[in-house]
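Tertiary structure, described
Spelled out, the chains give:
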Amino acid sequence: MTVFVTGGAGFIGSNFIFHMLAAYPDDRIVCLDKLTYAGNLSTLESVMQNPGFRFVKIDICDRAAIYRLFEEEKPDIVVNFAAESHVDRSIENPEIFLQTNILGTQVLMDACRRYGIQRYHQVSTDEVYGDLPLDRPDLFFTEETPIHTSSPYSASKASADLLVMAYHRTYGLPVTISRCSNNYGPYHFPEKLIPLMIANALADKPLPVYGEGLNVRDWLYVADHCRAIDLILHKGRVGEVYNIGGHNEMRNIDIVKLICKELGKPESLIVHVEDRKGHDMRYVIDPAKIHNELGWLPETGFADGIKKTIRWYLENRAWWETIISGEYRNYYEKMYGNRAEVQV
Ligand code: NAD
Ligand code: DAU
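My aim in this report is to walk through the structure given alongside it, one point at a time. All values reported here derive from a predicted model rather than from experimental measurement.

Let's shift gears to empty space enclosed by the protein. For the coordinates displayed, the defined rule picks out 2 cavities of 30 Å³ or more. Taken as a whole, the second largest cavity holds about 60 Å³ of empty space. If you go around the second largest cavity, you meet 13 residues; those closest to its centre are Val87, Ser150, Ser151, Gly278 and Asp280. Across the lining of the second largest cavity, the residue classes tally to 3 nonpolar, 5 polar and 5 charged.

The next thing to look at is the nonpolar core. Nonpolar side chains in soluble globular proteins tend to be buried together. One finds Ile194, Ile198 and Leu207 to be the most contacted residues of the largest nonpolar core, which totals 39 residues. Ranked by the residues each element gives to this core, the list is headed by helix 6 (residues 193-202), at 7 residues.

A separate point is unusual backbone geometry. The backbone of tyrosine 187 sits at a positive phi, close to 70 degrees, despite the residue not being glycine. Within the secondary structure, tyrosine 187 sits in the loop between strand 7 (183-184) and helix 6. The exposure class of tyrosine 187 is buried, given its relative accessible area of 18%. Positioned with a positive phi, aspartate 204 is a non-glycine residue whose angle comes to about 55 degrees. By the element assignment, aspartate 204 lies in the loop between helix 6 and strand 8 (207-210). The partly exposed category is assigned to aspartate 204, whose relative accessible area is 47%.

Close to ligand 1 lie 28 residues; Ile12, Asp33, Ser85, Tyr153 and Lys157 are nearest. Contacts to ligand 1 include tyrosine 153, whose side-chain N or O atom sits 2.6 Å from an oxygen atom. For ligand 1, whose free accessible area comes to 840 Å², the fraction covered by protein is 97%. Where the shell around ligand 1 is concerned, the elements lending two or more residues are helix 1 (11-23), strand 5 (119-125) and helix 5 (152-171). Counting residues per element, the shell around ligand 1 draws most heavily on strand 5, at 3 residues. Looking at the shell around ligand 1, its residues break down into 13 nonpolar, 11 polar and 4 charged.

The next thing to look at is the pattern of salt bridges. Side chains bearing opposite charge may pair, as long as their charged atoms lie close to each other. This structure, assessed with the given rule, holds 21 salt bridges. Arginine 63 is the salt-bridge partner of aspartate 110, the closest N and O atoms lying 2.9 Å from each other. Of the two residues, aspartate 110 sits in helix 4 (residues 95-115) while arginine 63 sits in helix 2 (residues 63-73), which places them 47 residues apart along the sequence. Overall, aspartate 110 belongs to the buried group, its relative accessible area being 12%. Between aspartate 224 and arginine 227 there is a salt bridge, with its nearest N and O atoms 2.7 Å apart. Of this pair, aspartate 224 and arginine 227 both sit in helix 7 (residues 222-235), 3 residues apart, which is roughly one turn of that helix. Judged by relative accessible area, aspartate 224 falls into the buried class, the value being 1%. What makes arginine 227 partly exposed here is its relative accessible area of 21%.

Within the structure, ligand 2 sits among 24 residues, and Asp126, Tyr153, Arg276, His279 and Tyr336 are positioned closest to it. Between an oxygen atom of ligand 2 and a main-chain N or O atom of serine 85, the distance comes to 2.8 Å. Listing elements by their share of the shell around ligand 2, those giving two or more residues are helix 6 and strand 8. If one sorts the elements of the shell around ligand 2 by residue count, strand 8 sits on top with 3 residues. For the shell around ligand 2, a count of residues per class yields 10 nonpolar, 8 polar and 6 charged.

Attention now moves to the sheet that holds strand 6 (residues 175-180). Taken in spatial order, the 7 strands line up as 3-2-1-4-5-6-11 in an open sheet, and their pairing is parallel. Each end of this open sheet is capped by a strand with a single partner; those strands are strand 3 (53-57) and strand 11 (241-244). Between one strand axis and the next, the sheet turns by 20 degrees as a mean value, whatever way the strands run. Direction of pairing for strand 6 relative to strand 11: parallel, over a ladder of 4 bridges. Bridge assignment links isoleucine 177 to a residue of strand 11, and that residue is valine 241.

Think of two packed helices as two axes; the pair is described by the angle between the axes and how far apart they sit. The geometry of helix 10 (residues 302-315) relative to helix 11 (residues 317-324) is characterised by a closest axis approach of 5 Å and an angle of 75 degrees between their N-to-C directions. As judged from the angle between their axes, helix 10 and helix 11 are roughly perpendicular. Only Arg317, Trp319 and Trp320 of helix 11 make contact with helix 10, whose side of the interface consists of Trp312, Tyr313, Leu314 and Glu315. Split into classes, the residues belonging to the contact of helix 10 with helix 11 amount to 5 nonpolar, no polar and 2 charged.

The end-to-end C-alpha distance of helix 5, which contains 20 residues, comes to 28 Å, matching closely the 28 Å that a straight helix rising 1.5 Å per residue would cover. Of all the positions in helix 5, only Tyr153, Ser154, Ser156, Lys157, Ala158, Ala160, Asp161, Val164 and Tyr167 are classed as buried. Looking at the buried residues of helix 5, the elements they touch are helix 3 (87-92), helix 4, strand 5 and strand 6. Of the residues flanking the end of helix 5, it is glycine 172, one or two places downstream, whose phi is positive at about 70 degrees.

What counts and what doesn't
Residues numbered from 1 in each chain as written. Chains lettered and ligands numbered in written order. Predicted model: local features only at pLDDT ≥ 70, side-chain atom pairs only at ≥ 80, totals over all residues. Heavy atoms only, no water. 1 Å grid on protein atoms, 1.4 Å probe; cavity = no way out; pocket = protein on both sides within 12 Å on 5 of 7 lines; lining within 4 Å. Points joined across faces, edges and corners; volume = space filled by probe spheres on them. Nonpolar A, V, L, I, M, F, W, Y, C, P; charged D, E, K, R; others polar. Core = buried A, V, L, I, M, F, W, Y, C linked by side-chain atoms within 4.5 Å. Buried < 20%, exposed > 50% of the residue type's maximum accessible area, 1.4 Å probe, protein only. Helix = DSSP H or I, 4+ residues; strand = E, 2+ residues; numbered from the N terminus. Near = heavy atom within 4 Å. Polar contact = N/O pair within 3.5 Å; in protein donor to acceptor, adjacent residues only side chain to side chain. Areas by Shrake-Rupley, 256 points an atom, 1.4 Å probe, with all protein chains shown as cover. Salt bridge = Lys/Arg side-chain N within 4 Å of Asp/Glu carboxyl O. Pairing = 2+ DSSP bridges. Axes fitted to C-alpha atoms, helices over the stretch in contact; angles between N-to-C directions. Parallel < 35°, antiparallel > 145°, perpendicular 65-115°, else oblique. Contact = heavy atoms within 4.5 Å. Expected span 1.5 Å × (residues − 1).

Written out as structure tokens, the structure is:
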């Protein structure tokens, strides 16, 4: 089998590559990545010399280059992780999100139609369902929950999902879609909540919590997401959507306080700042379908996963310190420099 993994120099894609190389040593894994600010070749250093692995720097929107690579490698499976993934950046500049997340998906699927494929898998997100109210703990996102997006990011991911289903129905493309909740773990880019708070706390810098910090996310250790996608590829039904989540609801403020506790830092570092525009209140996945059909269950609980994650950031300072000392500084200044403090 030759498996194309797009966006494999990013957070989840790289963890997926490590999982696949260990689980299927006879498969060939080709990573396709544009190396945007979020892609990092040093993440893949440990597998670069693996004979079953190839890295190709490529933009999924570049139709001619993508077609050439399909012709050369003849992939059996394509797993599309490549995306602009940060909600805050999509609020600042939606256009690149529409280009990569929608048009890039279209180019990949056109290539799949042209050269033939056993499976095209779209890595989507629970954000396509919008959000749930805090006062209805009985509600969860199922695969039947209507699409109802809030940010340019989630709208672009939902658009891609609709296109994937259209290619299945119209052209018979063998597709699957997974919609996962918030991931955390090694190689998470430090613009996202958990790694940002770890990096800031270690530097005794303010911990910027948006609004009151009561928003709820359903956190899943990244390796559990990777195992779920593997199962969908090998046992999932074509044309189906699978939700992935571990029933681990946490309020942002509680996550930040826990990080302070684990690192022995004072909660006085926490600063409440101006809220994200259109901020979704609560995401929680009902994972019954993937559990009942494919037998998937998360293996890493949050108490254990957050400890492992913090240890990874302590032991791999060079990885994230290189990132935050570069272009990231301008991003941080733009996003947080003028963000007003709020009283809660
Ligand atoms: P990330 O931002 O860490 O990585 C994205 C990767 O895609 C980077 O390596 C980047 O260089 C690459 N990329 C961006 N544009 C590209 C282009 N035009 N062509 C080729 N490569 C390109 O993202 P992530 O957090 O690893 O998310 C991966 C996927 O999973 C995304 O599709 C995201 O929507 C989805 N997802 C993420 C989460 C989460 O919690 N992080 C949860 C559910 C779903
Ligand atoms: O639910 C899946 C989604 O999870 C993925 O589709 C996205 O790609 C991924 O980025 C993530 O989106 P979120 O917006 O939930 O993640 P983020 O880490 O940006 O924020 C998590 C919560 O923390 C959210 O309520 C906003 C809040 N937050 C975030 C940052 C960066 C803060 O309070 N302060 C911050 O500085």
